[in-house]
Amino acid sequence: MPQNKTIARLLAGESDNHILPFFWQHGEDEATLRGMMAAIDGAHCRAVCVESRPHPDFCGPQWWADMDVILDEARNRGMRVWILDDSHFPTGYANGAVKTAPDALCRQSILGNTRVLDEAAGPVALDLRAEGLMDPPQPDLRDPMQAFAARMPAARSFDPATDRLLTVQAVAEDGGITDLLPFVQGTALCWDKPAGAYTLRVVTASRNAGCHRDYINMTDPASVRLLIDAVYEPHWQHYAADFGKTIAGFFSDEPELGNGLLYQKGNTLGCGQDLPWSAPLEAALAESCGPGWAAALPRLFAQDESDTTARIHTAYMDCLTKLVRQNFSGQIAAWCHAHGVAYIGHVIEDDGQHCRTGASLGHYFRGLQGQDMAGIDDIGGQVLPQGEDEPKTDNMRRPRNGTFYHYGLATLAESAAAIEPAKGGRAMCEIFGNYGWAEGVRLEKYLADHFLVRGVNYFVPHAFSGKAFPDPDCPPHFYAHGHNPQYRHFGQLMAYMDRVATLTSAGRHEAPVAVLYHGEAEWCDPAAMPFEQVVRPLYDDQIACRTLPADMFGEPERYKTELGNPLVVNGQPYRAFVVPGAKRIPAAAAAALAELAQKGLPVLFAGRRPDALCEGGPLPQALAACLVADPAALPAALRAAGVAAPVLEPKNDRLRLLTVQGDSTMVLAVNEGTEPCAGTLTLPGLCGPCCWYDPWANRCEPAAAADTPAGLRVGIEILPLHPRVLVLGEAPAGAALYKAPAAGAEIALSGWTRALCEGAEYPHFGPAKPVTLPDALAAEQPAFSGFVRYETRFTLDAPAALRLEIADAAEGVEVFLNGESAGIQIAPPFGYDLAGQAGANTLVIEVATTLERQCYPLLDGYRKMLAAPPAGGSGLTGRVQLRRTVTGC
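Quick look at the structure, then.

About the criteria used
- Residues numbered from 1 in each chain as written.
- Predicted model: local features only at pLDDT ≥ 70, side-chain atom pairs only at ≥ 80, totals over all residues.
- Heavy atoms only, no water.
- Helix = DSSP H or I, 4+ residues; strand = E, 2+ residues; numbered from the N terminus.
- Rg over C-alpha atoms; globule rule 2.2 N^0.38 Å.
- Contact = heavy atoms within 4.5 Å.
- Patch = residues over 30% accessible without salt bridge, like charges linked within 9 Å, V, L, I, M, F, W, Y side chains within 5 Å.
- Areas by Shrake-Rupley, 256 points an atom, 1.4 Å probe, with all protein chains shown as cover.
- Salt bridge = Lys/Arg side-chain N within 4 Å of Asp/Glu carboxyl O.
- Lys, Arg positive; Asp, Glu negative; His and termini not counted.
- Charge placed at Lys NZ, Arg CZ, Asp CG, Glu CD.
- 1 Å grid on protein atoms, 1.4 Å probe; cavity = no way out; pocket = protein on both sides within 12 Å on 5 of 7 lines; lining within 4 Å.
- Points joined across faces, edges and corners; volume = space filled by probe spheres on them.
- Axes fitted to C-alpha atoms, helices over the stretch in contact; angles between N-to-C directions.
- Parallel < 35°, antiparallel > 145°, perpendicular 65-115°, else oblique.
- Left-handed = near helix turned anticlockwise from the far one by under 90°.
- Nonpolar A, V, L, I, M, F, W, Y, C, P; charged D, E, K, R; others polar.
- Pairing = 2+ DSSP bridges.
- Phe/Tyr/Trp six-rings, centres within 6.5 Å; stacked < 30°, edge-to-face > 60°.
- Buried < 20%, exposed > 50% of the residue type's maximum accessible area, 1.4 Å probe, protein only.
- Lys NZ or Arg CZ within 6 Å of the ring centre and 35° of its normal.

On to the overall build of the protein chain, then. Within the protein chain one finds 21 helices and 49 strands. Against the globule reference of 29 Å for 889 residues, the protein chain gives a C-alpha radius of gyration of 30 Å, in line with a compact fold. Long-range pairs, those at least 24 residues apart, make up 78% of the contacts in the protein chain with a sequence separation of at least 6.

This is the structure we're talking about:
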């Protein structure tokens, strides 16, 4: 079996760049900008994403002067530059261009209101506006985000006379509909009502709804062009020679449709919120639905199980999200590609928003099509160690769905990267942002491993800030003008992430099971099972899977879909297909799944079989025989159906695996539990020699493995925060396999002293004082953040190989023996192989804390309310042992 060339490159110190951190711009002076670029480069980040959001003069003279400096530094350092594409968050403000744009280029919503009329016959005379039947929904002031938005004045107001009534109808108790538009003059309804129960339904098109009324309309190509003309074109005019060279591309941050209430959760279609609208959308819906389209609009504000409602829900969202794909992401991507640069970014995915309107774009896959990476973001309180179920609320005191963040979020990115040919397997995560100063390299290591093992291979760390320390804006900040004690440790983490991402980018990710993306089903069934509820039991049983949209069936040429057994999408084979439980599924998916079932591909329904199609009509008869299984029973059902997947003994639902088919097969193993994962792992279909690769230490180690009829059986021991990679094939030429030395007699350590210094003062420590380990520094100095230097001496009668074990520390550790650094580590237990000299030896352990304890007292008001008081330790918090060793045993 051949050697793995990727591992050989890594062992030789070569890796590709997969890191492009945000660099926030506030208009700092030239020296600060150059110093920050040096700090970013020094942290092993070979690219940067310039975030304009806080800058006072975006696309003005000061911006160009600042960009001149940044680009000059980047050219000199061989770095690449990405540019966040707007002056305000989220993308769509178009640097203020919408404030003075014609009304026709501004956002528009449709508003749905109802009124139950008296049953008695007689004239009905109502002013629809005065009666509130043309009003947008009102905020829920109990929600902190909506209460915040309610205090903000509207950024732009429009003449109410420009509102347009699209539908005014009376619906009888038997369902009969009377069109009342002919009885409306202006906003006054005068109708001679017959006897009986009637509900008045009114749908109005208005620009006086939504929070961001001075943002572009994502469905209108001329409106989106405002953003291109205001941001993209000026950068081309200034830096055309750098495009495709130093300038890598542009980044769209959380573009939104912008209807509804600010960051409203649970806003499934039909919940009553206003909905996006535009002239192109109106034309597309009229073409899709025919002459009766306006009469069906009130059903967009209702949720029921009728075919009629399902059809208009599906038609509306289908037209809407395809227009977003064509006119927003597609148009900007086309501009970028024509100018030699890439286009990346992400939408708001939080807790199901990825398939809804409002704060997102209605359909994750369509919203990002055209982009060169599949983007997501993870911000404070979303992914957390052992956070699959708890906590139930986030750091904004809003509901938190741990199942989505741990099983759905990264799956979206890896899936889109795998199935869309233009993305080329590139999945990006904006990471680490807004976790607060309590986040340090230990949590960052957990987060990095979480996304790496789920197939994400590009990262935008959030953030480097040039503002004076402490900048209160969404910490942590990785350098903080030298105040962050963990800056060098963060740099080592970036180098580690580059190594792992280089490895996981070196081949196809194996995922034998496809799970239907539930977005289209939810559009007409708010109770549809989210795809992550299917992913969870599979992933916990080491069965890799992806979520795939129905578009792969409806638009097979876009995804290179081949129906058969296996199903092939963009060259990737799938051996089984699981449909999350829902009342309806799209017609294209149903027809394709029926064909797949007839061709022998296992098709399973999780929880329930659909009753009908999203477009109306019954399910194909061929699907009636497909197995229905509870989500928890899916792993056994899939294995019984012949899906070959790793077998772990004993079972452990926190071991995560990513299989990469590159020069040779590689299996990244990450333990997200709290205890070591030890046992055997059987990998079906694999055999031959193998070794382990340790990506932090960048070394290969022997593997205890044997070929069996069931596949390659490997002994494993994976510690939390210490991933390993099983590499099939012979070890790279010249690579000595590291063998852990056998522990011998313990060398007693005593007489420890401790000295302190703040981050910006390093390495100038204060006076040393005696200390007993483990240290109680956090209780002794609860407001201290910085470096803690521990020192002791011991004597050897002859040179000796030694092993230093540190059970725990808060947080980053660097060990020095006789003045020589043995390296930085950031995850417990910390282990160092050392070479002691004959005679006196000086052992120093430096521990870098987070900035939490220093910064917490500086928080005020709302920020302090959201941050928990410091609770962790400081310095050496675990046992320290030094032993003689016998090398090579």
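Time to look at a negative patch on the surface. Together, Asp118, Glu119, Glu173 and Asp174 make up a region of like negative charge exposed at the surface. Along the chain, Asp118 turns up in the loop between strand S4 (108-117) and strand S5 (122-127).

With that settled, the discussion passes to empty space enclosed by the protein. All chains considered together, the criterion is met by 7 cavities of 30 Å³ or more. Put simply, the largest cavity is a space of about 100 Å³. Around the largest cavity, the lining is made up of 15 residues, and of these Arg107, Gln108, Leu257, Gly258 and Asn259 lie nearest the centre. For the lining of the largest cavity, the elements supplying multiple residues, two or more each, are S4 and strand S12 (275-277).

Turning to the packing of helix H6 (residues 279-289) against helix H8 (residues 307-338), a few remarks are in order. H8 packs onto H6 with a crossing angle of 135° between their chain directions and a minimal axis gap of 9 Å. Viewed along their axes, H6 and H8 adopt a mutual orientation that is oblique. Handedness of the H6/H8 crossing: right-handed. For the pair H6 and H8, the contacting residues are Pro280, Leu281, Ala284, Leu285, Ser288 and Cys289 in the first and Ile312, Ala315, Tyr316, Cys319, Leu320 and Leu323 in the second. Of the residues assigned to the contact of H6 with H8, the class counts are 11 nonpolar, 1 polar and no charged.

Let's shift gears to the sheet that holds strand S26 (residues 603-606). The 5 strands lie next to each other as S20-S19-S24-S26-S28, forming an open sheet whose pairing is parallel. Each having just a single partner strand, strand S20 (545-548) and strand S28 (627-629) make up the two edges of the open sheet. Strand after strand, the sheet turns through a mean of 30° between neighbouring axes, direction not considered. The sheet contact formed by S26 and S28 spans 3 bridges and is parallel.

All right, on to the packing of aromatic side chains then. Evaluated as defined, the whole model comprises 28 aromatic pairs. With centroids separated by 5.5 Å and ring planes inclined at 55°, the aromatic side chains of Tyr93 and Tyr215 adopt a geometry described as tilted. Of this pair, Tyr93 sits in the loop between strand S3 (80-84) and S4 while Tyr215 sits in the loop between strand S10 (198-206) and helix H5 (221-239), placing them 122 residues apart in sequence. A single burial state applies to Tyr93 and to Tyr215, both of which are buried. With centroids separated by 5.4 Å and ring planes inclined at 75°, the aromatic side chains of Tyr232 and Trp335 adopt a geometry described as edge-to-face. One end of the pair, Tyr232, is in helix H5; the other, Trp335, is in helix H8, with 103 residues separating them in the sequence. Members of the aromatic cluster, each reached through a chain of ring pairs, are Tyr232, Trp236, Phe243, Phe250 and Trp335. The cationic tip of Arg699 hangs over the ring face of Tyr738; the distance from NZ or CZ to the ring centre is 3.6 Å. Positioned over the ring face of Phe765 is Arg789, at 5.8 Å from the centre of the ring.

Another aspect to go through is the environment of Cys677. Along the chain, Cys677 falls in strand S32 (residues 677-683). Separated by 254 residues in sequence, Cys677 and Lys423 place their C-alpha atoms 34 Å apart. In this structure, Cys677 is in contact with Leu648, Asn652, Leu655, Asn671, Ile716, Glu717 and Ile718, ignoring residues within four places of it in sequence.

Here we come to the layout of surface pockets. Here the second largest pocket defines a volume of roughly 1,300 Å³. Sorting the residues of the lining of the second largest pocket by element identifies strand S33 (690-694), strand S34 (699-702), strand S36 (711-718), strand S42 (800-806), strand S45 (820-825), strand S46 (830-836) and strand S49 (880-886) as the ones contributing at least two each. Of the residues assigned to the lining of the second largest pocket, the class counts are 26 nonpolar, 8 polar and 12 charged.

Turning next to the packing of helix H2 (residues 30-42) against helix H3 (residues 61-77). H3 packs onto H2 with a crossing angle of 35° between their chain directions and a minimal axis gap of 10 Å. The handedness of the crossing between H2 and H3 comes out as right-handed. Between H2, through Glu30, Leu33, Arg34, Met37, Ala38 and Asp41, and H3, the contact on the second element is made entirely by Asp66, Val69, Ile70, Asp72, Glu73, Ala74 and Arg77. For the contact of H2 with H3, the residue count by class is 6 nonpolar, no polar and 7 charged.

Moving on: the pattern of salt bridges. Under the criterion given, the structure shown has 61 salt bridges. The partner of Arg75 in a salt bridge is Asp242, and the shortest N-O contact between them spans 2.8 Å. You can see Arg75 sitting in helix H3 and its partner Asp242 sitting in the loop between H5 and strand S11 (247-253), a full 167 residues away along the chain. Here Arg75 falls in the partly exposed class, since its relative accessible area comes to 39%. On the accessibility criterion, Asp242 (9% relative accessible area) is buried. One continuous salt-bridge network, built from bridges that share partners, spans Glu388, Asp389, Arg454, Arg536, Asp540, Asp653, Arg654, Arg656 and Glu672.

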